Amino acid sequence: CQSRAHSVAVLGAPFSKGQKRGGVENGPKAIRDAGLIERLSHLDYPVHDFGDLSFQHLEKDEPYMHVPFPRTVGRANKLLSGAVSNAVGAGHTTIMLGGDHSLAIGSVEGHAKQRPDLCLIWVDAHADINTPFTSPSGNLHGQSVAFMLKELQNKMPELPGFSWVKPFLSAKDLVYIGLRDVDPGEYDILKDLGVQYFTMRDIDRLGIQRVMEVTFDHLLSRKQRPIHLSFDIDAMDPSLAPATGTPVNGGLTYREGIWITEEIHNTGLLSVMDLVEVNPDLGASREAVESTASMAVDVIASALGQTREGERTASRTHSF
Ligand SMILES: N[C@@H](CSCCS(N)(=O)=O)C(=O)O
Ligand SMILES: [Mn+2]
Ligand SMILES: [Mn+2]
Ligand SMILES: [Mn+2]
């Protein structure tokens, strides 16, 4: 069997100010209520639930250009960065429960403080690589990757609240899977930087097995290194994960999503995983919220070793 996680830390980040739709701050609770800790405890390694971070909402936080709450978002991510860095430094495979996707800024930055050689797999309908100048909405949950990339340093303004973020990732260390709603400014950046990405059309053409083979060849063939998986639940088809802020039709099937996370588990290199954008307030029914949260639990559990083929009973000492 592939190497199991040593021990797992679960960290809730109830935060929503990277976008404008209330409710995503309740994502961690919805995922927990869907039985996450219980499911992970069956994977027979210690699970440490660090609970939820508490974020301050800054009173005076005027928009920068059309970017709302820059100081609040920047401050939240600085706090998250420290928490993720501590969890990784303590030897845990760390699961960060969002909250909106602006939280990846702190999560990946904190991870990179411990593991500067990390690579990033971004599973999402969106590229989240707008700069404040290219963003159509100003929402920081659509700009997270732009803060990480060294190649974009000269394209980024000095956003208040983000002076602590030094770009730490190279474009070659990033792969996108699931894209199907990319803004023109993002497309320019992806092409100019030569970022490796697989749209939903690429997945239809190649199949998900080939997509993962090419992804691991791109990221790991020269040397094995820690994987940061940033999984936006809106990568999944909205029929499977409707309770989310920016749903886009034509998403990953259940089996494609689980193939991705099973294959990442089987590398034995998963170090940090974000599961973001579950918004229980946006489900049309209780069932819609529960199916979204349940999808999130399945994705996390399979990234941590839950299999579909089953596994042997724990080795038993028979005394007759
Ligand atoms: N590209 C759009 C939508 S971004 C969607 C963000 S997320 N984190 O993928 O839901 C924008 O920048 O506003
Ligand atoms: Mn996203
Ligand atoms: Mn998305
Ligand atoms: Mn396993």
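Residues numbered from 1 in each chain as written. Chains lettered and ligands numbered in written order. Predicted model: local features only at pLDDT ≥ 70, side-chain atom pairs only at ≥ 80, totals over all residues. Heavy atoms only, no water.

Details of the coordination of the manganese ion (ligand 2)
Part 1 of the argument: Binding of the manganese ion (ligand 2) to the protein goes through His-101 (ND1), Asp-124 (OD), Asp-128 (OD) and Asp-232 (OD), at separations of 2.1 to 2.2 Å.
Part 2 of the argument: Because the angles between the 6 donor atoms bound to the manganese ion (ligand 2) fall within 61 to 176°, the donor set is best described as irregular.
Part 3 of the argument: Positions of the donor residues of the manganese ion (ligand 2), expressed as sequence spacing, correspond to H-x22-D-x3-D-x103-D.
Part 4 of the argument: Separation of the manganese ion (ligand 2) from the manganese ion (ligand 3) amounts to 3.3 Å, with Asp-124 serving as a shared donor to the pair. In this pair, Asp-128 is assigned in the loop between β4 (119-123) and β5 (174-179) and Asp-232 in strand β7 (residues 227-232), connecting sequence segments 104 residues apart.
Part 5 of the argument: On the basis of relative accessible area, Asp-128 is assigned to the buried category, the value being 5%. (Donors = N, O, S within 2.8 Å, 3.2 Å for Na, K, Ca; no water. Tetrahedral: all angles 85-135°; square planar, octahedral: opposite > 155°, others 65-115°. Helix = DSSP H or I, 4+ residues; strand = E, 2+ residues; numbered from the N terminus. Buried < 20%, exposed > 50% of the residue type's maximum accessible area, 1.4 Å probe, protein only.)

Remarks on the nonpolar core
Part 1 of the argument: Grouped together as the largest cluster of nonpolar side chains are 49 residues, with contacts concentrated most on Ile-177, Met-273 and Ile-300.
Part 2 of the argument: Among the elements that line this core, the one with the most residues is helix α9 (residues 286-303), at 8 residues.
Part 3 of the argument: Leave out the neighbours within four places in its chain, and Ile-300 touches Ile-31, Leu-36, Leu-40, Ile-95, Leu-97, Met-273 and Leu-275.
Part 4 of the argument: The next biggest cluster of nonpolar side chains, apart from the first, holds 47 residues, and it includes Phe-15, Leu-159, Phe-162 and Val-195. (Core = buried A, V, L, I, M, F, W, Y, C linked by side-chain atoms within 4.5 Å. Contact = heavy atoms within 4.5 Å.)

What to know about the packing of helix α7 (residues 208-220) against helix α8 (residues 254-267)
For any two helices packed against each other, the geometry comes down to the angle between their axes and how far apart the axes lie.
Part 1 of the argument: As a packed pair, α7 and α8 sit with axes 10 Å apart at the nearest point and diverge in direction by 35°. Handedness of the crossing formed by α7 with α8: right-handed. Residues Ile-208, Gln-209, Met-212, Phe-216 and Leu-220 of α7 touch α8, and the partners they reach there are Glu-256, Trp-259, Ile-260, Glu-263, Ile-264 and Thr-267.
Part 2 of the argument: Residues belonging to the contact of α7 with α8 are distributed by class as follows: 7 nonpolar, 2 polar and 2 charged. (Axes fitted to C-alpha atoms, helices over the stretch in contact; angles between N-to-C directions. Left-handed = near helix turned anticlockwise from the far one by under 90°. Nonpolar A, V, L, I, M, F, W, Y, C, P; charged D, E, K, R; others polar.)

Quick notes on the site of ligand 1
Part 1 of the argument: In the vicinity of ligand 1 there are 15 residues, among which His-126, Ser-137, Asp-183, Asp-232 and Thr-246 approach most closely.
Part 2 of the argument: When its residues are assigned to classes, the shell around ligand 1 shows 1 nonpolar, 7 polar and 7 charged. (Near = heavy atom within 4 Å.)

Points about the packing of α8 against α9
Part 1 of the argument: At a minimum axis separation of 7 Å, α8 and α9 run at an interaxial angle of 30°. Here α8 is positioned roughly parallel relative to α9, judged by the angle of their axes. Between α8, through Tyr-254, Ile-258, Thr-261, Glu-262 and His-265, and α9, the contact on the second element is made entirely by Met-295, Asp-298, Val-299, Ser-302 and Ala-303.
Part 2 of the argument: Per-class residue counts for the contact of α8 with α9 are 5 nonpolar, 3 polar and 2 charged. (Parallel < 35°, antiparallel > 145°, perpendicular 65-115°, else oblique.)

A few points about the confidence of the model for the protein
Part 1 of the argument: Chain-level statistics for the protein give a pLDDT mean of 96 and a share of 96% at 70 or above.
Part 2 of the argument: Taken together, the chains of this predicted complex give a pTM of 0.96 and an interface ipTM of 0.93. (pLDDT = per-residue confidence, 0-100.)

Here we look at the packing of aromatic side chains
Part 1 of the argument: Within the structure shown, the criterion is met by 2 aromatic pairs.
Part 2 of the argument: A ring pair is formed by Phe-15 and Phe-55, whose centres lie 5.3 Å apart and whose planes are at 65°; its orientation type is edge-to-face. Remark: Phe-55 occurs in the loop between β2 (47-52) and α3 (70-89) and Phe-15 occurs in the loop between β1 (8-12) and α1 (27-33); sequence separation between them is 40 residues.
Part 3 of the argument: Accessibility expressed as a relative area gives 4% for Phe-15, which makes it buried. (Phe/Tyr/Trp six-rings, centres within 6.5 Å; stacked < 30°, edge-to-face > 60°.)

Focus: the environment of Pro-238
Part 1 of the argument: Here Pro-238 lies in the loop between β7 and α8.
Part 2 of the argument: Counting along the chain gives 14 residues from Pro-238 to Leu-252, while the straight-line C-alpha distance between them is 8.9 Å.
Part 3 of the argument: Every residue in contact with Pro-238, bar those within four places of it in the chain, is listed here: Arg-180, Pro-247, Val-248, Asn-249, Gly-250 and Gly-251.

Considering the pattern of salt bridges
Part 1 of the argument: Summed over all chains, the structure comprises 15 salt bridges.
Part 2 of the argument: Put simply, Asp-52 and Arg-32 hold a salt bridge, and the shortest N to O gap is 2.6 Å. Of the two residues, Asp-52 sits in strand β2 while Arg-32 sits in helix α1, which places them 20 residues apart along the sequence.
Part 3 of the argument: Judged by relative accessible area, Asp-52 falls into the partly exposed class, the value being 40%.
Part 4 of the argument: The shortest N-O distance in the salt bridge between Glu-213 and Arg-210 comes to 2.9 Å. In this pair, Glu-213 and Arg-210 both sit in helix α7, 3 residues apart, roughly one turn of the helix.
Part 5 of the argument: Note on Arg-210: relative accessible area 42%, which makes it partly exposed. (Salt bridge = Lys/Arg side-chain N within 4 Å of Asp/Glu carboxyl O.)

Description of the side chain of His-101
Part 1 of the argument: By the secondary structure assignment, His-101 is in the loop between β3 (93-97) and α4 (104-114).
Part 2 of the argument: On the basis of relative accessible area, His-101 is assigned to the buried category, the value being 0%.
Part 3 of the argument: In this structure the side chain of His-101 is engaged in a polar contact, spanning 3.3 Å, whose partner is the side chain of Asp-232.
Part 4 of the argument: Setting aside chain neighbours within four positions, we find His-101 in contact with Trp-122, Asp-124, Asp-128, His-141, Ser-144, Ser-230, Asp-232, Val-276 and Glu-277. (Polar contact = N/O pair within 3.5 Å; in protein donor to acceptor, adjacent residues only side chain to side chain.)

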